[in-house]
Amino acid sequence: MVGYHHTDFDCFYWDDRVGARKAVEHLIACGHRRIGMIRSHTEGSLQLDRIAGYREALEAAGIPFDPELVRAGKTEKHAGFSEEAGYEAMQDLLKIEPRVTAVFASSDVQAIGAWKALREAGLRVPEDVALVGYDDIKISEYIGLSSVSQNMHAVGREATRLLVERVEGKRQDPPLEVLVVPQLKIRYSSDCGRA
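Summary of the structure given here. All of these numbers come straight from a predicted model, not from anything done at the bench.

### Notes on the side chain of Ser-107
Then, number 1: Among the secondary structure elements, Ser-107 is positioned in the loop between strand S4 (102-105) and helix H4 (108-120).
Then, number 2: The contact partners of Ser-107, leaving out residues within four places of it in the chain, are Phe-81, Gly-133, Tyr-134 and Asp-135.

Listed below in structure tokens is the structure:
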């Protein structure tokens, strides 16, 4: 299994709470205190852990958690993990005063949609609003989007290698449980030196 924890199967899963916390701690270190979050519609463990990490980072820095600053878009495609939902959530965040100066999105595609909403509002990234996504999809590197990397390719290779070894009978040991700690990739969209 990849992405979920289960004691009966070999599994590779991520610490989404730590990943979210790293993203928000970075924004706080850049001096942001008004940090919004774009979430999905779902209430699964992945989304709840990312919200918990966001909240933990804020509270550890003495910034009160404000549920008004956590928004999901209206578009339900892909459970809200879409460019459209990110765009809509960012539009909602921009209506709140005082305005957010940074946003953590639960996925890179949401962050890409949010970036479009910021451009249309005449705001610059990162000078006016810093932006960090999650997943570190390939395009994020090319557009300069800071993102929490789950190292998906390496995990996929390792999971496939393990599966082949099991099928071929080379591995008889108990199921392997691997907790992968995400890493933050800082790029243009949240670069403190540019703001």
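Here the narrative resumes.
### Examining unusual backbone geometry
Most peptide bonds adopt trans geometry, and most residues besides glycine take a negative phi value.
Then, number 1: Of note, the bond from Glu-97 into Pro-98 is cis; its omega dihedral lies within 30 degrees of zero at -10°.
Then, number 2: Residue position: Pro-98 is located in the loop between helix H3 (83-94) and S4.
Then, number 3: With an omega dihedral of 5°, the bond running from Val-125 to Pro-126 counts as a cis peptide bond.
Then, number 4: Structurally, Pro-126 is set in the loop between H4 and strand S5 (130-135).
Then, number 5: Positive phi is not limited to glycine here, since Asp-135 has a value of about 115°.
Then, number 6: Take Asp-135: it is sitting in strand S5.
Then, number 7: With phi around 50°, Asp-136 is a residue other than glycine that occupies positive phi space.

### Focus on a nonpolar patch on the surface
Then, number 1: A cluster of nonpolar side chains, namely Ile-137, Ile-139, Tyr-142 and Ile-143, defines an oily patch on the protein surface of about 380 Å² accessible area.
Then, number 2: Turning to its location among the elements, Ile-137 is positioned in the loop between S5 and helix H5 (138-143).
Then, number 3: The partly exposed category is assigned to Ile-137, whose relative accessible area is 31%.

### Notes on H3
Three- or four-residue spacings in an α-helix give side chains the same orientation, since the helix completes a turn every 3.6 residues.
Then, number 1: The terminal C-alpha atoms of H3 lie 17 Å apart, and with 12 residues this matches the ideal 16 Å at 1.5 Å per residue to within 8%.
Then, number 2: For H3, every residue scored as buried is listed here: Ala-85, Gly-86, Glu-88, Ala-89, Met-90, Asp-92, Leu-93 and Leu-94.
Then, number 3: Considering only its buried residues, H3 is in contact with strand S2 (35-38), strand S3 (70-71), S4 and H4.

### Thoughts on the nonpolar core
Then, number 1: Grouped together as the largest cluster of nonpolar side chains are 39 residues, with contacts concentrated most on Tyr-54, Met-90, Phe-104 and Leu-131.
Then, number 2: Mapped onto this core, the elements with two or more residues apiece are helix H1 (16-29), S2, helix H2 (45-60), H3, S4, H4 and S5.
Then, number 3: Formed by 6 residues, the second largest nonpolar core is a distinct cluster that contains Trp-14, Val-155, Ala-159 and Leu-162.

### Description of the side chain of Ser-146
Then, number 1: For Ser-146, the position within the fold is in strand S6 (residues 146-149).
Then, number 2: Judged by its relative accessible area of 0%, Ser-146 falls in the buried class.

### Some remarks on the pattern of salt bridges
Then, number 1: In this structure the tally under the stated criterion is 22 salt bridges.
Then, number 2: Between Asp-136 and Arg-187 there is a salt bridge, with its nearest N and O atoms 2.8 Å apart. With Asp-136 in the loop between S5 and H5 and Arg-187 in the segment after strand S8 (183-185), the pair connects residues that are 51 residues apart, well separated along the chain.
Then, number 3: Measuring nitrogen to oxygen at the nearest pair gives 3.3 Å for the salt bridge that ties Arg-171 to Glu-165.
Then, number 4: You can call Glu-165 buried: its relative accessible area is 18%.
Then, number 5: One connected set of salt bridges, linked through shared partners, spans Asp-10, Glu-158, Arg-161, Glu-165, Arg-166, Arg-171 and Asp-173.

### Things to note about the packing of H1 against H2
Then, number 1: Running from N to C, H1 and H2 cross one another at 35°; their axes reach a closest spacing of 7 Å. Viewed along their axes, H1 and H2 form a crossing whose handedness is right-handed. Of H2, the residues touching H1 (which contributes Asp-16, Arg-17, Ala-20, Arg-21, Val-24, Glu-25 and Ile-28) are Leu-46, Asp-49, Arg-50, Ala-52, Gly-53, Tyr-54, Glu-56, Ala-57 and Leu-58.

### Overview of the sheet that holds S5
Within a sheet, each strand pairs with its neighbour through backbone hydrogen bonds, oriented either parallel or antiparallel.
Then, number 1: One open sheet holds the 6 strands; their spatial order is S3-S2-S4-S5-S6-S8, and the pairing between them is mixed. Single-partner strands in this sheet number two, and they are S3 and S8.
Then, number 2: When S4 meets S5, the two strands line up parallel, connected through 3 bridges. The residue of S5 that forms the bridge with Ala-102 is Ala-130.
Then, number 3: Packing against the sheet, H4 makes contact with S2, S4, S5 and S6, and its axis sits at approximately 155° to S5.

Cut-off values and rules
- Residues numbered from 1 in each chain as written.
- Predicted model: local features only at pLDDT ≥ 70, side-chain atom pairs only at ≥ 80, totals over all residues.
- Heavy atoms only, no water.
- Helix = DSSP H or I, 4+ residues; strand = E, 2+ residues; numbered from the N terminus.
- Contact = heavy atoms within 4.5 Å.
- Patch = residues over 30% accessible without salt bridge, like charges linked within 9 Å, V, L, I, M, F, W, Y side chains within 5 Å.
- Areas by Shrake-Rupley, 256 points an atom, 1.4 Å probe, with all protein chains shown as cover.
- Salt bridge = Lys/Arg side-chain N within 4 Å of Asp/Glu carboxyl O.
- Buried < 20%, exposed > 50% of the residue type's maximum accessible area, 1.4 Å probe, protein only.
- Expected span 1.5 Å × (residues − 1).
- Core = buried A, V, L, I, M, F, W, Y, C linked by side-chain atoms within 4.5 Å.
- Axes fitted to C-alpha atoms, helices over the stretch in contact; angles between N-to-C directions.
- Left-handed = near helix turned anticlockwise from the far one by under 90°.
- Pairing = 2+ DSSP bridges.

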